[in-house]
There are 2 protein chains.
Amino acid sequence: MRVLLFAGGTMEEDFFSAVTEDDYLIGVDSGAYALIEHGYIPHLAVGDFDSVTPEQKDDILLHSVEWKSCDPVDKDKTDTEIGLESALEKQPHKIVMFGVTGTRLDHTLSNIYLLERACEEGVEAEIIDKHNKLFVAGRYTKIEKDMYSYVSIIPISEKVKGLSLKGFVYPLDNACLERGQTLGISNQIKGAYGEITVKSGHILVVKSSDGKV
Amino acid sequence: MRVLLFAGGTMEEDFFSAVTEDDYLIGVDSGAYALIEHGYIPHLAVGDFDSVTPEQKDDILLHSVEWKSCDPVDKDKTDTEIGLESALEKQPHKIVMFGVTGTRLDHTLSNIYLLERACEEGVEAEIIDKHNKLFVAGRYTKIEKDMYSYVSIIPISEKVKGLSLKGFVYPLDNACLERGQTLGISNQIKGAYGEITVKSGHILVVKSSDGKV
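As annotated in an unreviewed UniProt entry, chain A is Thiamine diphosphokinase from Alteribacillus persepolensis.

What follows is the structure, encoded as structure tokens:
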């Protein structure tokens, strides 16, 4: 099963075209309302719903299969972290997160780190926004060439060892990369696919297309 | 001395109001042109200048005190990393980076990690964009309450130990936080200032105001 999670960040119309009948849908806060607005029923709505109007909150509670309310003030986790934990409980083969990036870089960053949590539990997870697709690579990852021009490799562990890139314009063979090094930015896949191998440490893979930074 | 670095990300008019006579100005790629456009002379222009027109490149070379050209294709560092290294060579008391965030999350993230590099070299460094101010905290950091509503604490090391927050709405005493935990998101300073102490590991501090994620 695949879980699609829609949160309260920057939302794009075409995010919803990803939804299929078989997906389990989690709406986080105003992301739950966005799902309902687009004609989808969240299987689970999560949040304190402080970013929607009382009428929208009523709609969410009425139209969601289940909901999990969070204390709006004293809570130790963001709504999106609670949403991701709920997603992991479903033991899906994949989690895709939409609306988890935006102008507030604290939320954007902490949501990116949630990808590492999913990776540690062995679940494939990715974030998609208007310009980027992000995921944390496992020990071996094969990446198909697609619409994105660039594939960047960013160490999020202090040190990444045994990093090999095959099928890339700038290959690497058993390299060591430290967090803060920008060597892996703006690489490109040469043929139909690229292969990434990592012996220890976590790397974030960011597929992106050109634009301002 | 303070170094202000302007790079090619999302630029705002009011970034330039930060410039004073005493600042050393580094323009990275189209950021160098943005400085010139606003009537400032970059002390150093860095980049392959592939994101400006040939006429703009001529202007940059003509109007900058010094320039450092990078190979546009085969290079191991982003222009901004080279810019930051040039900034560190000046042994400033502070580095402020503008135009280093934007739609491409690979660049945004790798620029955020440059803050950690500066912190390791004992230089105070921050990133300012339209919605956020970011810096990596040292062992002890005092934060004045200002226009930003929220102060988020994000572990970028795998584990952060001995984390204490005083003067915050949600205080912490000698806590351990792991990367991926969202406990530190959306804290607030209670009085005139807050104090952060960290015994080991690095945390990113993100000041932000409300908006979409």
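Moving on from the coordinates now.
**Q** Please clarify how helix α3 (residues 79-89) of chain B should be interpreted in this entry.
**A** For an α-helix, 3.6 residues make a turn, and residues three or four places apart therefore share a direction. Residues and elements named next belong to chain B. Burial within α3 is extensive, with nine of its 11 residues counted as buried. Taken residue by residue, α3 has Asp79, Thr80, Glu81, Ile82, Gly83, Leu84, Ser86, Ala87 and Leu88 as its buried positions. Structurally, α3 contributes buried residues whose contacts are with β1 (2-6), β2 (24-28), β3 (44-47), β4 (66-69), β5 (94-98) and α4 (105-120).

**Q** Looking at this structure, I do not really get the nonpolar core. What am I missing?
**A** As a rule of thumb, nonpolar side chains are buried together in soluble globular proteins. Counting 68 residues, the largest nonpolar core has Leu204 of chain A together with Leu204 of chain B as the members making the most contacts within it. For Leu204 of chain A, the residues in contact, after removing those within four places along its chain, are Ile112, Leu115, Leu134, Phe135, Val136, Ser152, Ile153, Ile154 and Ile156 of chain A together with Leu109 of chain B.

**Q** For this particular structure, what's the right way to read the interface of chain B and chain A?
**A** One widely used convention gives an interface's size as the accessible area the parts lose upon coming together. Listed by partner, the interface residues are 53 residues for chain B and 53 residues for chain A. Interface of chain B and chain A: buried area, both sides summed, is about 4,200 Å²; carbon and sulfur atoms make up 58% of it. Taken together, the connections running from chain B to chain A amount to two salt bridges. One salt bridge in this structure joins Glu116 of chain B and Arg179 of chain A, with 2.8 Å as the shortest N-O distance. Inspection of the region where chain B meets chain A yields 25 residue pairs in polar contact (both at pLDDT 80 or more). Looking at the side of chain B that touches chain A, the element that brings in the most residues is α4 of chain B, giving 12 residues. In terms of residue class, the side of chain B that touches chain A is made up of 18 nonpolar, 23 polar and 12 charged.

**Q** Explain the relation of the copies chain B and chain A here, please?
**A** For the pair of chain copies, the relating operation is a rotation around an axis with a shift along it. By a simple turn and slide, chain B fits onto chain A: the slide is 0.0 Å along the axis, the RMSD is 0.0 Å, and the turn is 180 degrees. Both copies are brought into coincidence by an operation consistent with a two-fold rotation axis. Interface overlap between copies: 100% of the residues of chain B at the interface are likewise at the interface in chain A, consistent with a symmetric, same-surface contact.

**Q** Would you mind showing me how to read a negative patch on the surface here?
**A** On the surface, Glu120 and Glu121 of chain A together with Glu158 and Glu178 of chain B cluster together into a patch of negative charge. With respect to the helices, strands and loops of the structure, Glu158 of chain B is situated in the loop between β9 (150-155) and β10 (159-166). Overall, the relative accessible area of 57% leaves Glu158 of chain B in the exposed class.

**Q** Can you help me understand the environment of Ser152 of chain B in this one?
**A** Examined against the element boundaries, Ser152 of chain B turns out to sit in strand β9. Distance from Ser152 of chain B to Lys142 of chain B, taken between C-alpha atoms, is 14 Å for residues 10 residues apart in sequence. Residues contacting Ser152 of chain B, with those up to four places away along its chain left out, are Arg104 and Asp106 of chain A together with Gly184, Ile185, Ser186, Leu204, Val205 and Val206 of chain B. Here Asp106 of chain A takes part through its side chain, which lies 2.6 Å from a polar atom of the side chain of Ser152 of chain B.

**Q** What exactly am I supposed to notice about the sheet that holds strand β2 (residues 24-28) of chain A here?
**A** Note: strands within a sheet are paired through backbone hydrogen bonds, in either parallel or antiparallel orientation. The mixed open sheet is built from nine strands, whose spatial order is β4-β3-β2-β1-β5-β6-β7-β13-β9 (chain A). Whereas interior strands pair on both sides, the edge strands pair on one side only; in this sheet they are β4 (66-69) and β9 (150-155) of chain A. When strand polarity is set aside, the average angle formed by the axes of neighbouring strands in this sheet is 20 degrees. In terms of strand pairing, strand β1 (residues 2-6) of chain A meets strand β5 (residues 94-98) of chain A through five bridges, oriented parallel. Residue Leu5 of chain A lies in a different strand from β5 of chain A, and its bridge partner there is Met97 of chain A. The sheet strands contacting α4 of chain B are β7 (132-136), β9 and β13 (203-208) of chain A, and the helix crosses β9 of chain A at an angle near 25 degrees.

**Q** Looking at this model, I keep getting lost on the packing of helix α1 (residues 30-37) of chain A against helix α2 (residues 54-63) of chain A. Mind explaining?
**A** Between two packed helices, both the angle of their axes relative to each other and the distance between the axes serve to describe the pair. Residues and elements named next belong to chain A. Contact pair α1 / α2: the axes reach a minimum separation of 9 Å and the direction vectors enclose 70 degrees. As summarised for this structure, α1 and α2 are arranged roughly perpendicular, according to the angle between their axes. Residues Ala32, Tyr33 and Ile36 of α1 form the contact with α2, whose participating residues are Gln56, Asp59, Ile60 and His63. Along the lines of polarity and charge, the residues of the contact of α1 with α2 split into four nonpolar, two polar and one charged.

**Q** Help me understand the sheet that holds β4 of chain B in this model?
**A** All names here are of chain B. The strand order β4-β3-β2-β1-β5-β6-β7-β13-β9 describes an open sheet built from nine strands, whose pairing is mixed. Since the sheet does not close on itself, it has two edges, and those belong to β4 and β9, each with one partner. Sheet twist, expressed as the mean angle between neighbouring strand axes with direction ignored, is 20 degrees. Bridge analysis of β9 against strand β13 (residues 203-208) gives six bridges, and the strand direction is antiparallel. Bridge assignment links Ile154 to a residue of β13, and that residue is Leu204.

Rules and cut-offs
Residues numbered from 1 in each chain as written. Chains lettered and ligands numbered in written order. Predicted model: local features only at pLDDT ≥ 70, side-chain atom pairs only at ≥ 80, totals over all residues. Heavy atoms only, no water. Buried < 20%, exposed > 50% of the residue type's maximum accessible area, 1.4 Å probe, protein only. Helix = DSSP H or I, 4+ residues; strand = E, 2+ residues; numbered from the N terminus. Contact = heavy atoms within 4.5 Å. Core = buried A, V, L, I, M, F, W, Y, C linked by side-chain atoms within 4.5 Å. Buried area = accessible area lost by both parts, 1.4 Å probe. Salt bridge = Lys/Arg side-chain N within 4 Å of Asp/Glu carboxyl O. Polar contact = N/O pair within 3.5 Å; in protein donor to acceptor, adjacent residues only side chain to side chain. Nonpolar A, V, L, I, M, F, W, Y, C, P; charged D, E, K, R; others polar. Least-squares fit on C-alpha atoms with pLDDT ≥ 70 in both. Patch = residues over 30% accessible without salt bridge, like charges linked within 9 Å, V, L, I, M, F, W, Y side chains within 5 Å. Areas by Shrake-Rupley, 256 points an atom, 1.4 Å probe, with all protein chains shown as cover. Lys, Arg positive; Asp, Glu negative; His and termini not counted. Charge placed at Lys NZ, Arg CZ, Asp CG, Glu CD. Pairing = 2+ DSSP bridges. Axes fitted to C-alpha atoms, helices over the stretch in contact; angles between N-to-C directions. Parallel < 35°, antiparallel > 145°, perpendicular 65-115°, else oblique.

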